[in-house]
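Chain by chain, the residues run as shown.
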Amino acid sequence: MTYRRIVSFGLIAGLTYTEMQDMAPGFVLDCYVLRRNYDEAMHGIKRGDGFAN
């Protein structure tokens, strides 16, 4: 996974670029998945892609 993609996921998760510079890439992705799950729960979306819900 490229640095650019990690930054993209972090921005979608609501993190600032400055915050992401001090974070491990895995934590940025965890924040993205948590945000995605929250958004899906708020909109009633069910996803069957194998990601933890």
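Attention in this report is confined to the structure presented alongside it.

Tallied over the full model, the rule gives one aromatic pair. Where Phe-9 meets Tyr-32, the ring centres are 4.5 Å apart and the plane angle is 40 degrees; that geometry is what we call tilted. One end of the pair, Phe-9, is in helix α1 (residues 3-12); the other, Tyr-32, is in helix α3 (residues 25-43), and 23 residues separate them in sequence.

This part is about the nonpolar core. In this structure, Ile-6, Val-7, Phe-9, Ala-13, Leu-15, Met-20, Val-28, Cys-31 and Tyr-32 together form the largest nonpolar core, which totals nine residues. For this core, the secondary structure elements donating two or more residues are α1 and α3. Look past the residues within four positions of Phe-9 in its chain and what remains in contact with it is Met-1, Leu-29 and Tyr-32.

This part covers the pattern of salt bridges. The final tally for this structure, using the stated rule, is two salt bridges. Residues Asp-39 and Arg-35 are paired through a salt bridge, measuring 3.3 Å at the closest nitrogen-oxygen approach. In this pair, Asp-39 and Arg-35 are both assigned in helix α3, four residues apart and thus about one turn of the helix distant. Arg-35 gets classed as partly exposed once you look at its relative accessible area, which sits at 36%. For the salt bridge of Arg-36 with Glu-40, the shortest nitrogen-to-oxygen distance reads 3.7 Å. Taken as a pair, Arg-36 and Glu-40 lie in helix α3 at a separation of four residues, close to a single helical turn. Look at Glu-40 and you get buried, because its relative accessible area is 6%.

The rules behind the values
Residue indices begin from 1 for each chain and proceed along its sequence in written order. With pLDDT at 70 or above as the cut-off, local features in this predicted model cover only qualifying residues; side-chain atom pairs require 80 or more to be listed or tallied, and sums for whole chains, interfaces and linings still use all residues. Each side-chain value is derived from all of the structure's non-hydrogen atoms; neither hydrogens nor water enter the calculation. What counts as a ring pair is set by centres within 6.5 Å for rings of Phe, Tyr and Trp (its six-membered ring), and what kind of pair is set by the plane angle: stacked under 30 degrees, edge-to-face over 60, tilted for all other angles. Secondary structure is summarised from DSSP: a helix means a run of H or I of at least four residues, a strand means a run of E of at least two, and numbering begins at the N terminus for each. In this description, a nonpolar core means a group of buried Ala, Val, Leu, Ile, Met, Phe, Trp, Tyr and Cys residues linked to one another through side-chain atoms lying within 4.5 Å. Any residue under 20% of the maximum accessible area for its type is buried, any over 50% is exposed, and the rest in between are partly exposed; the area is computed with a 1.4 Å probe on protein chains only. We call two residues in contact whenever any of their non-hydrogen atoms come within 4.5 Å of each other. Salt bridge, as used here: a side-chain nitrogen of Lys or Arg that lies within 4 Å of a carboxyl oxygen of Asp or Glu.

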